[in-house]
Amino acid sequence: MKKVIALSLALALLLALTACGGSTSSAAPASSAAPSASGDAAVDVIKIGVYEPASGDNGAGGKQETLGIQYANSLVNTVNVGGKDYKVELVIVDNESSNDKGPSAAASLVSSGVSIALGSYGSGVSIAASDVFANAGIPVIGVTCTNPQVTEGNTHYFRICFLDPFQGTVLANFATDSFSAKTAYSLAKLGDDYSVGLCYYFQQAFEALGGKVIYETFPEGNSDFTPYLTKAKNEGADVFFAPVSTEAAALIIEQANAQSLGIPMMAGDTWDSNVILNAAKGTKTDLYVTTFFDEGTDDEQGAEFVKGIKEWINANPTNLSNNGGDDTIAAVSAMGYDAYFTALEAIKAAGSADPKAVNEALWKVDYTGISGRIVFNETGDAIRDAAFVKKVNTETGKWEFVAIQGVN
Amino acid sequence: MKFFNENLPYILAGISVGGQYALIAIGYTMVYGILRLINFAHGDIFMVAGLMMVYFSTAMPLYAAIPLVLALTVLLGFVIERVAYKPLRNAPRMSIMISAIGVSYLLQNMALYVTGGLAKQYPPIPWISDIINIGTATTKRVTVITPVLTIVLVVALVILIKYTKIGMAMRAVSRDFETARLMGIKINNVISTTFIIGSLLAGVGSLLYFTNYTGVVPTAGAMPGLKAFVAAVFGGIGSIPGAVVGAFIIGICESLIKGAGWTTFSDAFTFALLIVILVAKPTGLFGEKTTDKV
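Quick caveat: nothing in here was measured; it's all calculated off a predicted structure.

### Focus on the overall build of chain B
- When its secondary structure is counted, chain B shows eleven helices and four strands.
- For a compact globule of 294 residues, the expected C-alpha radius of gyration is about 19 Å, and chain B comes in at 19 Å, within 12% of that figure.
- Counted over contacts in chain B with a minimum sequence separation of 6, partners at least 24 positions apart contribute 74%.
- Accessible surface computed for chain B: about 12,900 Å², of which carbon and sulfur atoms make up 71%.
- One way to put it: in chain B the 20 positive side-chain charges average out to a point 6 Å from where the 10 negative ones average out.

See below:
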């Protein structure tokens, strides 16, 4: 009798588990499968892979980047290749922000036969999966991975955003120009390619401008940032630079407020997220980020995009929750949008869905998107020369445009 | 004095983190004392308590949400014991350990499903999350409350174990399972009580911890859980005062190490300490001598 109860309880647990598992796995393909169902066999399909995190440290940003791509796909979902209309279908995978799990997510894109892939948010996972795509001969467009190593030494990885050496220099220039900073405290996450890299380039540039940098790292899973904040205060730093993932950032902002840090905080493109806005709202922090795109842009094409995507996001509760619960448009969404159209340009220019032909065509793509003109140089990076600087208005919880900062 | 002023924030943070580890560590050490089981799911109960608070605080006022969260946390601990551990009471100890690991992953993955993998912002609790000044340091009030509350709860627990009937039964069960049963002690009630107390303390711990570190993620329980476990082993697993002392030592050392600039090694230190203790004094600081029953 006891055995029967035990067994039935175990079975109930198992059922509960499969019920959860089942609904998560069915939710993701449903969105990508829907367009193909209407398309059927009458129309041929070209698949574009979306290699982005939907969970883990970078889940929030990855979801917003994916939203930009999905929105672009909802506007234009056909491409004319060689006089024939093809339906464009997105294949979305979750790389879980993890360097270990990324490659298997990439492999599933390869096996589903994508012509080109977009992604990822986070340089580490992009680098981790680079070889999987290279071996399959599939070109990838990096959307917001800013570490130079992503495109270095390969011919299949492209990128439409600016690079960390540039971003680090911009931030260093901004710190000296706007705050006349002499000492900077910079904080990175141990083993995270993005934050370690950006801190390094920031330090290079800041020291070249005659400043002093105190550099520290924190380990994975750390949630007590008070020692780091105290150190920055004790050492008399003028700015606190922490280009870490949004998850850690929310904790840092909260604790900086509790500790009355009292100096400006700066970060790179990762912090351009409503996670940061929510964390900073109502606090006494002074917070600046560099980013790719500003929601309040005067540019006609950009303003039209902002209006369109806001409507699209508000119309669907799932999209709204993926965007963090409100309709603030992150720069990564704009970049995702541009990446999608860059990919379409390449497919058109290649005149075929063959990944190799698309790869060849990408070198010659010249596309002007909402974030500016996209032309690839010899390493496969888009040529960029300015970044937007935004600051948080802690009363309204919105971004305020500060300046377009170049390199002195 | 300058040295003290500069290091005060580290010490405060250390004491506060230590108190939070202590509340979790008691759950580990009590369950171990009675069942000889390391309840790997304990850190995740702590995380689930945090997550429930996030969701309930949006649906109801805090004075209703806090007791409800504590009650549900207790219920969760009770149910886990009944469903995942009780049927295995006569199975080899390894099976029940594996079952605990299973529960831990089940809770983490369910949290991942519910939250969609994104960090949830813990609601500010009035009064205890207010910002105060202590000497030269600025911090949240919770930092000061944590050690006091921890000590009060531990004293209450020790009194409960020493002077009440259920406490006596707990001590008897932890001495000798079989004999205690022969003497008419209702083993299942005693074990359930243990899990209820452990979960309640983990619930209180999560209130304090997440008020300080406001991001709740599915893996939020893993690191504090692991550290609390180290604290329990350090103090001598099975001993409640040991777990508390161990937790405070680990919390303060960790914070001071970060303050000294060796931030990279703060976690490594915790686990190195575990190895050193196990090699030098396998029973921990206050551990009982193992009397192998023949």
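### Describing the confidence of the model for chain B
- Per-residue confidence for chain B gives a mean pLDDT of 88; residues scoring 70 or more make up 97%.
- The complex model carries a pTM of 0.77, and its ipTM stands at 0.73.

### Observations concerning the pattern of salt bridges
All names here are of chain A.
- By the definition in use, this model includes 16 salt bridges over all chains.
- Across the pair Lys-101 and Glu-96 runs a salt bridge whose closest N-O atoms are separated by 3.6 Å.
- Between Lys-310 and Asp-327 there is a salt bridge; the shortest N-O distance is 4.0 Å. With Lys-310 in helix H10 (residues 300-314) and Asp-327 in the loop between helix H11 (317-322) and helix H12 (331-350), the pair connects residues that are 17 residues apart, well separated along the chain.

### Describing the nonpolar core
- Counting 113 residues, the largest nonpolar core has A:Phe240, A:Trp271 and B:Tyr85 as the members making the most contacts within it.
- Counting 49 residues, the second largest nonpolar core, distinct from the first, contains A:Ala72, A:Phe166, A:Phe292 and A:Leu362.

### Remarks on the sheet that holds strand E4 (residues 116-118) of chain A
All names here are of chain A.
- Taken together, six strands build an open sheet; the order of strands is E2-E3-E1-E4-E5-E6 and the sheet is mixed. Only two strands of the sheet have a single partner each, and these edge strands are strand E2 (78-81) and strand E6 (157-159). Strand-to-strand twist of the sheet, defined as the mean angle between neighbouring strand axes without regard to direction, takes the value 35 degrees.
- The pairing of E4 with strand E5 (residues 140-142) spans two bridges and is classified as parallel. Note on E5: the bridge partner recorded for Ala-117 is Val-140.
- Sheet strands in contact with helix H4 (residues 123-136) are strand E1 (44-52), E4, E5 and E6, and its direction is about 145 degrees off that of E1.

### Quick notes on the packing of aromatic side chains
All names here are of chain A.
- Tallying each qualifying case throughout the model produces 31 aromatic pairs over all chains.
- Considering the side-chain rings of Tyr-71 and Tyr-337, the 5.8 Å spacing of their centres and the 25 degrees angle between planes classify their relative orientation as stacked. Of the two residues, Tyr-71 is situated in helix H2 (residues 59-75) and Tyr-337 in helix H12; the sequence distance between them amounts to 266 residues.
- A centroid spacing of 6.4 Å and a plane angle of 65 degrees characterise the contact between Phe-218 and Tyr-228, whose relative ring orientation is edge-to-face. With Phe-218 in strand E8 (residues 212-218) and Tyr-228 in helix H7 (residues 226-234), this pair connects stretches of sequence that are ten residues apart. For the pair Phe-218 and Tyr-228, one class covers both residues: buried.
- Here the aromatic residues Tyr-71, Phe-293, Phe-305, Trp-312, Tyr-337, Tyr-340, Phe-341 and Tyr-367 are joined through ring pairs into a cluster of three or more.

### As for the packing of H12(A) against helix H13 (residues 355-362) of chain A
Residue and element names in this part refer to chain A.
- One can describe the packing of H12 onto H13 by two numbers: an axis separation of 8 Å at closest approach and a directional angle of 110 degrees. Between H12 and H13, the crossing angle belongs to the class labelled roughly perpendicular. Of the residues in H13, those in contact with Ala-346, Ile-347, Ala-349 and Ala-350 of H12 are Ala-357, Val-358, Ala-361 and Leu-362.

### Things to note about the interface of chain B and chain A
- On the chain A side, the residues contacting the 35 residues of chain B number 39 residues.
- A combined buried area of about 3,000 Å² lies between chain B and chain A, and 60% of that area is made up of carbon and sulfur atoms.
- If you sort the residues of chain B by the area they bury against chain A, B:Tyr113, B:Leu118 and B:Lys258 come out on top, with a joint share of 18%.
- Counting the contacts that link chain B with chain A gives one salt bridge.
- Salt-bridge contacts for B:Lys140 lead to A:Glu254; the nearest nitrogen and oxygen are separated by 2.4 Å.
- Summed over the shared surface of chain B and chain A, the result is five residue pairs in polar contact (both at pLDDT 80 or more).
- Put simply, the parts of the chain that give the side of chain B that touches chain A at least two residues each are helix H1 (2-35), helix H4 (93-115), strand E3 (137-140), helix H8 (187-212), helix H10 (240-259) and helix H11 (266-280) of chain B.
- Broken down by element, the residue count for the side of chain B that touches chain A peaks at five residues, all from H1(B).
- Of the residues contributing to the side of chain B that touches chain A, the split by class is 17 nonpolar, 14 polar and four charged.

Definitions and limits used
- Residues numbered from 1 in each chain as written.
- Chains lettered and ligands numbered in written order.
- Predicted model: local features only at pLDDT ≥ 70, side-chain atom pairs only at ≥ 80, totals over all residues.
- Heavy atoms only, no water.
- Helix = DSSP H or I, 4+ residues; strand = E, 2+ residues; numbered from the N terminus.
- Rg over C-alpha atoms; globule rule 2.2 N^0.38 Å.
- Contact = heavy atoms within 4.5 Å.
- Areas by Shrake-Rupley, 256 points an atom, 1.4 Å probe, with all protein chains shown as cover.
- Lys, Arg positive; Asp, Glu negative; His and termini not counted.
- Charge placed at Lys NZ, Arg CZ, Asp CG, Glu CD.
- pLDDT = per-residue confidence, 0-100.
- Salt bridge = Lys/Arg side-chain N within 4 Å of Asp/Glu carboxyl O.
- Core = buried A, V, L, I, M, F, W, Y, C linked by side-chain atoms within 4.5 Å.
- Buried < 20%, exposed > 50% of the residue type's maximum accessible area, 1.4 Å probe, protein only.
- Pairing = 2+ DSSP bridges.
- Axes fitted to C-alpha atoms, helices over the stretch in contact; angles between N-to-C directions.
- Phe/Tyr/Trp six-rings, centres within 6.5 Å; stacked < 30°, edge-to-face > 60°.
- Parallel < 35°, antiparallel > 145°, perpendicular 65-115°, else oblique.
- Buried area = accessible area lost by both parts, 1.4 Å probe.
- Polar contact = N/O pair within 3.5 Å; in protein donor to acceptor, adjacent residues only side chain to side chain.
- Nonpolar A, V, L, I, M, F, W, Y, C, P; charged D, E, K, R; others polar.

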